[in-house]
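Architecture and fold: a report
Spelled out from the first residue to the last, the chains are:
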Amino acid sequence: MTRTPLMAGNWKMNMDHLEAIHLVQGLHMELSDANFDYSKVEVVVVPPFTDIRSVQTVVEGDGMKIQYGAQDVSTHESGAYTGEVSATMLKKLGCAYVVVGHSERREYHSESDALVGEKARVVLAAGMTPIICCGEALEVRKEGKQVPHVLAQIDGALDGMSADDVKTAVIAYEPIWAIGTGEVATPEDAQEVCGAIRGRIAELYDAETAEATRILYGGSVKSSNVAEIMSQQDVDGALVGGASLKADEFAKIARFAEL
Ligand code: PGA
């Protein structure tokens, strides 16, 4: 596979800046041996905004290969937008990735597919990589409509994006019923939707673009189930919530190939 696997830890609203330093140092220690090669698996932490400067300081100060990003971004460049954080500000802090359209943002902040797409484009324009989240609720899954539901989200989010942008971007399929519930989708469930997303990218762009785009699975990923999920052909990594808050557990996830 030419796509480099990506393990991203979405800390959500957990960890103050001191805890963040501790967690990143712990993760670095866990991954500091000859068996682990950062060029074969990208490791990314996605802390709250208030931690990013501290994470930058330890990562740069100690020359760590862990990358980091943000959980959301404003669509505006600057100005009178109280409470918002711009892509330029995140880029300046060394962020490589920005999660956009997480289901918690869609649900609690009414983010639409169009807004998610706009955020993704703002992230790309600032020279960072968006992790574009999609995924269906339990009712949609029960009706068996997960594939059309997710593909509609993808169509909305990729609207107006060039093939090069899509190749740079990362898609994260996260069935909402599997997030934080301990209810993990089966590897086949993950493959069904991740494969359909890749098929849609091939339709919207071309086969080369589809082959290059990384698609992650998210939802109750832990060290005990990551290897099976990663064995699916269209799953290129994981967006991990709860299990990314413990250095040893997240390190094991990053070492899925050794499990
Ligand atoms: P979880 O969260 O791993 O705790 O289920 C995943 C996510 O929301 O990104």
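Since this is a predicted model, take the numbers as computed values, not measurements.

Considering the pattern of salt bridges
Enumeration according to the criterion identifies 21 salt bridges in this entry. Across the pair aspartate 164 and lysine 167 runs a salt bridge whose closest N-O atoms are separated by 3.8 Å. Of the two residues, aspartate 164 and lysine 167 both sit in helix H8 (residues 163-168), three residues apart, roughly one turn of that helix. Aspartate 164 sits in the exposed class, given a relative accessible area of 52%. Here lysine 167 ties to glutamate 208 by a salt bridge, and the two come within 3.0 Å at their closest N and O atoms.

Some details on the packing of aromatic side chains
Enumeration over the complete set of coordinates arrives at two aromatic pairs. When the centroid spacing of 4.9 Å and the interplanar angle of 90° are considered together, the rings of phenylalanine 36 and tyrosine 38 count as edge-to-face. Of the two residues, phenylalanine 36 and tyrosine 38, neither departs from the other in class, the shared state being buried.

Details of the pairing of strand E6 (residues 170-173)
Neither face of E6 is open: one carries Val170 and Ala172, the other Ile171 and Tyr173, and all of them are buried. Relative to E6, strand E5 (residues 129-134) is paired through four bridges, and the arrangement is parallel. Residue pairing across strands places isoleucine 132 opposite isoleucine 171, the latter belonging to E6. With four bridges joining them, E6 and strand E7 (residues 214-218) adopt parallel strand pairing. When the sheet's bridge partners are listed, tyrosine 173 is paired in E7 with tyrosine 217.

What to know about the site of the ligand
The environment of the ligand is formed by 13 residues, the closest being Lys12, His102, Glu174, Gly180 and Ser220. In this structure, glutamate 174 approaches the ligand through a side-chain N or O atom, which is 2.6 Å from an oxygen atom. Take glycine 180: an N or O atom from its main chain is 2.6 Å from an oxygen atom of the ligand. In the complex, the protein chains occlude 95% of the 280 Å² of accessible area that the ligand would expose alone. Class assignment for the residues of the shell around the ligand results in four nonpolar, seven polar and two charged.

Cut-offs and rules
Residues numbered from 1 in each chain as written. Predicted model: local features only at pLDDT ≥ 70, side-chain atom pairs only at ≥ 80, totals over all residues. Heavy atoms only, no water. Salt bridge = Lys/Arg side-chain N within 4 Å of Asp/Glu carboxyl O. Helix = DSSP H or I, 4+ residues; strand = E, 2+ residues; numbered from the N terminus. Buried < 20%, exposed > 50% of the residue type's maximum accessible area, 1.4 Å probe, protein only. Phe/Tyr/Trp six-rings, centres within 6.5 Å; stacked < 30°, edge-to-face > 60°. Pairing = 2+ DSSP bridges. Near = heavy atom within 4 Å. Polar contact = N/O pair within 3.5 Å; in protein donor to acceptor, adjacent residues only side chain to side chain. Areas by Shrake-Rupley, 256 points an atom, 1.4 Å probe, with all protein chains shown as cover. Nonpolar A, V, L, I, M, F, W, Y, C, P; charged D, E, K, R; others polar.

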